[in-house]
Amino acid sequence: IGFYAALAAAVANAAFHAVTRRGGYLVAVTSLAAFVVAIAGILAFVSLYIYEHPHHHCPFCILKPEYGHRGYWLYVPLFAATAAGLGVGALQPFRRVPSLRDIVPEVSKRLANVAAIGYLLVAAIATYFVLHSNLILIEH
């Protein structure tokens, strides 16, 4: 629940910022929180379904060929979304600089869109891995 809630909060804040250009610092905070919770969720829950073993939690083995390099499908959008979300927050102090007044909001909007799409991809890919695994920890 925490995994999906954190990703949903990050997506919602990024989408809100992309539309209204407000809440840039909140996008950065929720992106950082979503990153921490997503990594914990991948290690504690999603990786079990990738390994199809209830006691294997290694964050690096899912990058190996014997597991189909599936970790890259999770980690690349997660790291990209987190970097973009933190970038939104990093740009906020420069939005009042006269020479950057027109540029910062547009770049910030693009970064917020990248963050929202990235976190949605992480949620979708993790859900796919869980639903298409042969491991049964939770009946679905």
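A short tour of the structure in this document, coming up. (Residues numbered from 1 in each chain as written. Predicted model: local features only at pLDDT ≥ 70, side-chain atom pairs only at ≥ 80, totals over all residues. Heavy atoms only, no water.)

## Points about a nonpolar patch on the surface
So, step 1. Side chains of Leu 32, Val 36 and Leu 86 sit close together on the surface and give an oily, nonpolar patch of about 250 Å² of accessible area.
So, step 2. Summarising the element assignment, Leu 32 is placed in helix H2 (residues 24-51).
So, step 3. Given the relative accessible area of 45%, Leu 32 is considered partly exposed. (Patch = residues over 30% accessible without salt bridge, like charges linked within 9 Å, V, L, I, M, F, W, Y side chains within 5 Å. Areas by Shrake-Rupley, 256 points an atom, 1.4 Å probe, with all protein chains shown as cover. Salt bridge = Lys/Arg side-chain N within 4 Å of Asp/Glu carboxyl O. Helix = DSSP H or I, 4+ residues; strand = E, 2+ residues; numbered from the N terminus. Buried < 20%, exposed > 50% of the residue type's maximum accessible area, 1.4 Å probe, protein only.)

## Some thoughts on the nonpolar core
So, step 1. Ranked by internal contacts, the top residues of the largest apolar core, which has 32 residues, are Phe 3, Leu 7, Ile 42, Ile 50, Leu 74 and Tyr 119.
So, step 2. The set of elements that each furnish at least two residues to this core consists of helix H1 (2-20), H2, helix H3 (70-91) and helix H4 (103-131).
So, step 3. In contact with Leu 74, not counting residues within four places along its chain, are Ile 42, Val 46, Ile 50, Val 122, Ile 125, Ala 126 and Phe 129. (Core = buried A, V, L, I, M, F, W, Y, C linked by side-chain atoms within 4.5 Å. Contact = heavy atoms within 4.5 Å.)

## Comments concerning the packing of H3 against H4
So, step 1. Two elements in contact, H3 and H4, have axes separated by 8 Å at closest approach and are oriented at 155°. Taken as axis vectors, H3 and H4 run roughly antiparallel relative to one another. Between H3 and H4 lies a crossing whose hand is left-handed.
So, step 2. Of the residues in the contact of H3 with H4, the class split is 21 nonpolar, five polar and one charged. (Axes fitted to C-alpha atoms, helices over the stretch in contact; angles between N-to-C directions. Parallel < 35°, antiparallel > 145°, perpendicular 65-115°, else oblique. Left-handed = near helix turned anticlockwise from the far one by under 90°. Nonpolar A, V, L, I, M, F, W, Y, C, P; charged D, E, K, R; others polar.)

Remember, this is a structural readout, not a statement about activity or role.
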